[in-house]
Amino acid sequence: MSESHLGDLTVSRLGLGCMGMSQSYGVTSDETESIATVHAAIDAGCTFLDTADIYGNGANESLIGRAIAGRRDEVVLATKFGFRPQAGAAMPTGVDGSPSYAVSALDASLQRLGVDHVDLWYLHRRDPKVPIEETVGAMASQVEAGKVRYLGLSEVNGDTVRAAHAVHPITAVQSEWSLWTRDPETVVLPTLRELGIGFVPFSPLGRGFLTGQLKSPDDFEPDDARRGLPRFSGENFQRNLDLVAKVEELAASRGIAAGQLALAWLLAQGNDIVPIPGTKRRKYLAENLGALDVSLTASELTALNEAFPPDLDVAGERYAAGGMDLVGK
């Protein structure tokens, strides 16, 4: 597999988002299949693995730790900190960016992962109560301690990136980016490219919507977190489904899956862009990796940009009430 560059960090052209192996997309979990998926990804050269301490309240890091046991040197391992679990909340909304919590969170992550360092450590969300310079300063101390190689941020704005980068080089910023979520293109991405920072799009398939495989809210398991997201609820679902039909039509004309087309569009945006589509099954991993073989023509890119312009009127917010309060800070 070809390589990409997040600042000075070299990673595989496509990464693997591991969150869904432990939370959000239904309780159905199969550790054997999840670990087999991680192994299949590594074997295929997809060695950039993304997890976080909040995924499954630590369970995902433990799972990834078991999956990479004996193969640590083959992967570029990324994790995140900052969220604190909240009882009864669909997703955590409490964040803690204090220096003391940063240090303790990393130590806990390393223990669960069974490693002595992580390659890329993100602040999952900025804590509005703590100056970003203090949080990043604490993160930088862990680079000096040899527990972290590179630092990243998630869902931040351009000003925060600049302030953080002035304290310690930021290697990557992670935010949602896809055909139907193009917010990063206006301010954040130009800032990153000015500073030489890479971009890691999560949910590059629109949490599954852009695959064309979701036809009704009834397709979700009862505890699937997408049931509570505005874009997947009520009338919004059908309105957004109409948008996906455009992806399916263009993909069909190429004889590829809709999800492959959506990933190929992101991959075409530059070698400093490393999408991390998530899956817990080898079948879908293989399909996602197939996007690496798709080369879009200029006319196809123009058609996609016309069908999904940056100001596209997608129905509903990305997160439920409260979730958007921590985005773009």
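All figures in this text were calculated on a predicted structure; none of them were measured in a lab.

Proximity of charged atoms lets side chains of opposite charge pair with each other. The full count for this structure, using the stated rule, is 15 salt bridges. Of the charged contacts, one joins Asp-96 and Arg-84 as a salt bridge, the two residues approaching to 3.0 Å between their closest N and O atoms. Of this pair, Asp-96 sits in the loop between β7 (94-95) and α3 (99-113) while Arg-84 sits in strand β6 (residues 83-84), and the two are twelve residues apart along the sequence. Between Arg-162 and Glu-194 there is a salt bridge, with its nearest N and O atoms 2.7 Å apart. Within this pair, whereas Arg-162 is found in helix α5 (residues 158-167), its partner Glu-194 is found in helix α6 (residues 188-195), the two being separated by 32 residues in sequence. A network of salt bridges, in which partner residues are shared, links Asp-43, Arg-71 and Glu-74.

The two faces of the sheet receive side chains in turn, since in a regular strand these alternate between them. In this sheet, strand β2 (residues 9-12) lies alongside strand β1 (residues 3-6) in antiparallel orientation, the contact comprising four bridges. From the neighbouring strand, Glu-3 faces β2, where its bridge partner is Ser-12. Remark: two residues form the turn of the hairpin made by β1 and β2, two consecutive strands paired antiparallel; Gly-7 in that turn has positive phi of roughly 60°.

The next point concerns helix α9 (residues 282-289). The α-helix advances 3.6 residues per turn, and as a result positions three or four apart in sequence lie on the same side. When we look at burial in α9, the residues that qualify are Leu-285, Asn-288 and Leu-289. For α9, the angular spread of buried residues about the axis comes to 95°, placing them on one side. Opposite its buried face, α9 presents the exposed residues Lys-283 and Ala-286, each directed more than 90 degrees away. Those residues of α9 that are buried are in contact with β3 (15-17), α1 (31-43) and α8 (258-267).

Time to look at the packing of aromatic side chains. Counted by the stated rule, this structure contains four aromatic pairs. Measuring from ring centre to ring centre gives 5.4 Å for Trp-177 and Phe-199, while their planes differ by 90°; the resulting arrangement is edge-to-face. Of this pair, Trp-177 sits in the loop between β10 (170-176) and α6 while Phe-199 sits in strand β11 (residues 198-202); the two residues are 22 residues apart in sequence, bridging distant segments of the chain. With relative accessibility at 1%, the residue Phe-199 sits in the buried group. Aromatic pair Trp-177 and Trp-265: ring centres 5.9 Å apart, planes at 75°, arrangement edge-to-face. With a gap of 88 residues between them, Trp-177 in the loop between β10 and α6 and Trp-265 in helix α8 connect regions that are remote in the sequence. The exposure classification of Trp-177 matches that of Trp-265, with both residues buried. These aromatic residues form a ring-pair network of at least three members: Phe-81, Tyr-101 and Trp-121. Taking the ring centre of Tyr-101 as reference, the NZ or CZ of Arg-84 above it sits at 3.9 Å.

Bringing unusual backbone geometry into the picture now. For residues other than glycine, phi is negative in most cases, and the peptide bonds are mostly trans. At Asn-57, a position not held by glycine, the phi torsion is positive, near 50°. Looking at the secondary structure, you find Asn-57 in the loop between β4 (48-50) and α2 (59-68). A residue is classified by how much of its surface remains accessible, and Asn-57, at 56% relative accessible area, is exposed. Unlike most non-glycine residues, Glu-155 shows phi in positive territory, near 55°. On the secondary structure map, Glu-155 appears in the loop between β9 (148-154) and α5.

Our focus in this paragraph is the packing of helix α4 (residues 132-144) against α5. Contact geometry for α4 and α5: axes closest at 9 Å, N-to-C directions at 40°. What the angle tells us is that α4 and α5 run oblique. You can see that α4 and α5 cross each other, and the crossing is right-handed. Contacts between α4 and α5 involve Ile-132, Glu-133, Val-136 and Gly-137 on the former and, on the latter, Thr-160, Ala-163, Ala-164 and Val-167. For the contact of α4 with α5, the per-class residue count stands at five nonpolar, two polar and one charged.

Turning to the nonpolar core, a few remarks are in order. One finds Leu-153 and Val-173 to be the most contacted residues of the largest nonpolar core, which totals 81 residues. For this core, the element with the highest residue contribution is α8, accounting for eight residues.

Most of α2 sits out of view: seven of its ten residues are buried. Of the positions making up α2, those classed as buried are Asn-60, Glu-61, Leu-63, Ile-64, Gly-65, Ala-67 and Ile-68. On its buried side, α2 packs onto α1, β4, β5 (76-81) and α3. Of the residues one or two after α2, Gly-70 is the one with positive phi, at around 85°.

Here we come to the pairing of β5. Most of β5 sits out of view: six of its six residues are buried. The side-chain alternation of β5 yields two buried faces, one formed by Val-76, Ala-78 and Lys-80 and the other by Leu-77, Thr-79 and Phe-81. Judged from the three bridges that link them, β4 and β5 form a sheet pairing that is parallel. Across the sheet, residue Phe-48 finds its bridge partner in β5, namely Val-76. A crossover connection joins β4 to the parallel β5 through α2; in handedness this β-α-β unit is right-handed. As paired strands, β5 and strand β8 (residues 118-123) are joined by four bridges and run parallel to one another.

Rules behind the numbers
- Residues numbered from 1 in each chain as written.
- Predicted model: local features only at pLDDT ≥ 70, side-chain atom pairs only at ≥ 80, totals over all residues.
- Heavy atoms only, no water.
- Salt bridge = Lys/Arg side-chain N within 4 Å of Asp/Glu carboxyl O.
- Helix = DSSP H or I, 4+ residues; strand = E, 2+ residues; numbered from the N terminus.
- Pairing = 2+ DSSP bridges.
- Buried < 20%, exposed > 50% of the residue type's maximum accessible area, 1.4 Å probe, protein only.
- Arc of directions from axis to C-beta.
- Contact = heavy atoms within 4.5 Å.
- Phe/Tyr/Trp six-rings, centres within 6.5 Å; stacked < 30°, edge-to-face > 60°.
- Lys NZ or Arg CZ within 6 Å of the ring centre and 35° of its normal.
- Axes fitted to C-alpha atoms, helices over the stretch in contact; angles between N-to-C directions.
- Parallel < 35°, antiparallel > 145°, perpendicular 65-115°, else oblique.
- Left-handed = near helix turned anticlockwise from the far one by under 90°.
- Nonpolar A, V, L, I, M, F, W, Y, C, P; charged D, E, K, R; others polar.
- Core = buried A, V, L, I, M, F, W, Y, C linked by side-chain atoms within 4.5 Å.
- Right-handed = clockwise from strand over helix to strand, strands pointing away.

So yeah, pure geometry; function would need other evidence.
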